[in-house]
Structure formats: C-alpha cells, structure tokens
Amino acid sequence: MSRRPVVPPFRLVASALAAAALLTTAACSDDGAATTAADTAADQARAAERDIAEQAPTGSPTGSPTGSPTGSATASPSALTESGAKAALLTETDLEGGWNQVRDAGKWRDSMLIGQVDVARFLTGKADASDCQELVDGLYGEDLLGKPSGASALTGFQQGDSRLLEQVAAYDRAALDDRLKWMASLPQKCDQFTLDGSGGGERTVQVTEVSVPEVGDARQGLHVTVREDADGGPATLSLMVTAVRVGDSAVTVTGGGLDGDQKDSVEQATQAGAERLRTVLDGGTPSPQPTDLD
C-alpha cells in the first residue's frame, strides 16, 4: 500500500483560499464575466500562497537556545589575565580623602589578628570556633576568599594610620560562591569570641554584617573589631571587608585601622573596583590606569 504524499499546511491554506475565491466569484457573476473573475481569483490565490510560503519555517530556529528574546546569547565575561588583573586595580584617582598608594601593601600584616580562638568559651556550637579561626587567619593572610585559581593582583593605600587593601583575582565559580555564603554565616557563628594572643593577652573580637554597594553578580560584607588591653592602654582595630563577585573573578577590599573602619572609603573602593573589573572582563580598559609601583 503506497503512502499518500504529505501536503504542507501552507499549501492546504492556499488551496482553500483559491477555492473560496472561485466559488464566491462564480456565485456573483454572469457567464460573460466568469472567466475574468476566475482569473482574478486565481491570481489572488497564488499571491496568498506566496505570502504563506514566505512565512513558513525554513528549518532554522529564529530564537537562541538560551531563550534570549533577541535571538543572541549574552556574552559571558572573559577569563581574567595577569595584565587584566593589574589593569583592574584601583588608583588614587578612584578614591577621595587623601589616600596614597604604597609599594609594600602585599607585606601588610596586623599583629592584633594573630592568635588562637578560645574554643572553651564557646558554650554552644563549638564547631563554629573553627570558622572564627578561619576568619582571623584569612584577614591576617589576605586570603579571606581562599587561594585564587588564576590571575591575581593586589594594591594598597594609606591615610594616616588607616590602610585600604584591594585584591583582584580569578577563582573557581562554585568555590567562590561557597565562600560568599560562608562569609554571610559569620555574624551569627562568630558574633563575639575571644582570641588568645601569643603573649598571653586576650582580645575580644566582634563580627557584624554590613551592606555592600549593589555592584557585581554577588556580594558580601563584614565589620570586624578586635579589642585588647595592652600595656600602653586599650586599643581597638576596626576593619570593614567587602567581597564582590564579577563572573568567575572577585574584588576584595579591606579598610580600617586604629582610627576606624573607613566605611565611606571602603564603599567607594568597592564600587569603583567592581566597575573596573567588569570593564576589563568585557574587553575594555578602565581609566586611569594604575601606577606601576613594583
């Protein structure tokens, strides 16, 4: 038994239009005008068939696989390179308030962050003590987001006794998101704890959450204070740290000192740093370019 040929839908529609036109013309015309009317109807039917055929699918989808309404997928940020990481770094022009760029920012360490968390004082949730230890170690070692998986660059600025440190680096996306979630959990896990210094002194550490400018793809911020009663009198180290993810890369800004956490400057640096990183990942060159202090 032979198969009947499949008639495309648009030809069925065109045929129906032609038949309807012929019937209508035949019903309304006399014998002398029937031939002319029929020809006109046939022409109209052929035109309708051409219009429908032009609208028929050709086998190539007009939309993109990602569902983009314009039919083109949104370009993903490119991978961060060493030169790109350096180009994304902040400059003195990006900051207000007399911040001066320094050469040895990579060697900055604050001794008030050295010590061991007193686990015995965690009456509940003793497992949280390890997170608190990881926090102070990350602040001291300047790797709060973990070790970069690719390119990285770092710069620092000083204003009196206050410091502002910025790091731009590439990370594994999943690991980076996990670290941001971990940061978000610290104000509850480590709201207040005791850090035992190497010289036997005790320091009280408090951790709270702070808002971060709405930049980048994900972000988190912390305010950390470390108080101690030293021989020279009480001292309080105040730090504000922000982390912003842009694609698979991130900007981390830490600012503060014994004069306060420099909230306004940290927020300004976070905003400008994330925008500069986005420009680099999109293939552009932020302006102005950082000064080479190597």
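Everything here concerns the structure above.
Remember, it's a predicted structure, so these values are computed and weren't measured experimentally.

Cut-offs used in this document
- Just so you know, the residues in each chain are numbered from 1, in the order the chain's sequence is written.
- Reporting in this predicted model follows two pLDDT cut-offs: at least 70 for local features of residues, and 80 or more for side-chain atom pairs to be given and counted; totals over whole chains, interfaces and linings ignore these cut-offs and use all residues.
- Based on all heavy atoms of the structure, the side-chain values leave hydrogens and waters out of the count.
- The rule for pairing is simple: two strands pair if DSSP sees at least two bridges between them.
- Helix numbering and strand numbering both begin at the N terminus, where a helix is a DSSP run of H or I of at least 4 residues and a strand a DSSP run of E of at least 2.
- In what follows, residue pairs with any heavy atoms lying within 4.5 Å of each other are defined as contacts.
- Burial classes: relative accessible area under 20% of the type maximum marks a residue as buried, over 50% as exposed, and values in between as partly exposed (1.4 Å probe, protein chains only).
- Expected span of a helix: the number of residues minus one, times 1.5 Å.

Overview of the pairing of strand β6 (residues 202-209)
- Sheet topology note: the strand β5 (residues 192-196)/β6 ladder contains 5 bridges and is antiparallel. For Thr194, the partnering residue across the bridge sits in β6 and is Thr204.
- Where β5 hands over to β6, the hairpin turn is made up of 5 residues, of which Gly200 adopts a positive phi near 95 degrees.
- Sheet analysis places β6 next to strand β7 (residues 218-230), joined by 7 bridges and oriented antiparallel. What sits directly across from Thr208, in β7, is His223.

Some words on the side chain of Thr252
- Here Thr252 lies in strand β9 (residues 249-257).
- Setting aside residues no more than four positions away along its own chain, Thr252 makes contact with Leu145, Leu165, Glu166, Gln167, Val241, Thr242 and Ala243.

Looking at the side chain of Ser238
- Tracing the backbone shows Ser238 in strand β8 (residues 233-246).
- Beyond its immediate stretch of four places on either side in the chain, Ser238 contacts His223, Val224, Thr225, Gly255, Gly256, Gly257, Gly260 and Asp261.

Brief notes about unusual backbone geometry
- A positive phi is found at Glu142, a non-glycine position, where the angle reads about 60 degrees.
- Phi is positive for Gln262, close to 55 degrees, though the residue is something other than glycine.
- Mapped onto the elements, Gln262 comes out in the loop between β9 and α6 (263-281).
- Given the relative accessible area of 19%, Gln262 is considered buried.

With respect to the sheet that holds β5
- Pairing within the open sheet is antiparallel, and its 9 strands lie in the order β1-β3-β4-β9-β8-β7-β6-β5-β2. Among the strands making up the open sheet, the edge pair consists of β1 (100-102) and β2 (116-117).
- Here 3 bridges tie β1 to strand β3 (residues 152-159), and the two strands are oriented antiparallel to one another. Paired with Gln101 across the two strands is Phe157, which belongs to β3.

Section: α6
- Under the 1.5 Å per step criterion, the end-to-end length of α6 is 27 Å for 19 residues, consistent within 8% with the ideal 27 Å.
- Where α6 is concerned, the buried positions are Ser265, Val266, Ala269, Thr270, Ala272, Gly273, Ala274, Arg276, Leu277, Val280 and Leu281.
- Among the residues trailing α6, Gly283 stands out with phi positive, at a value near 95 degrees.

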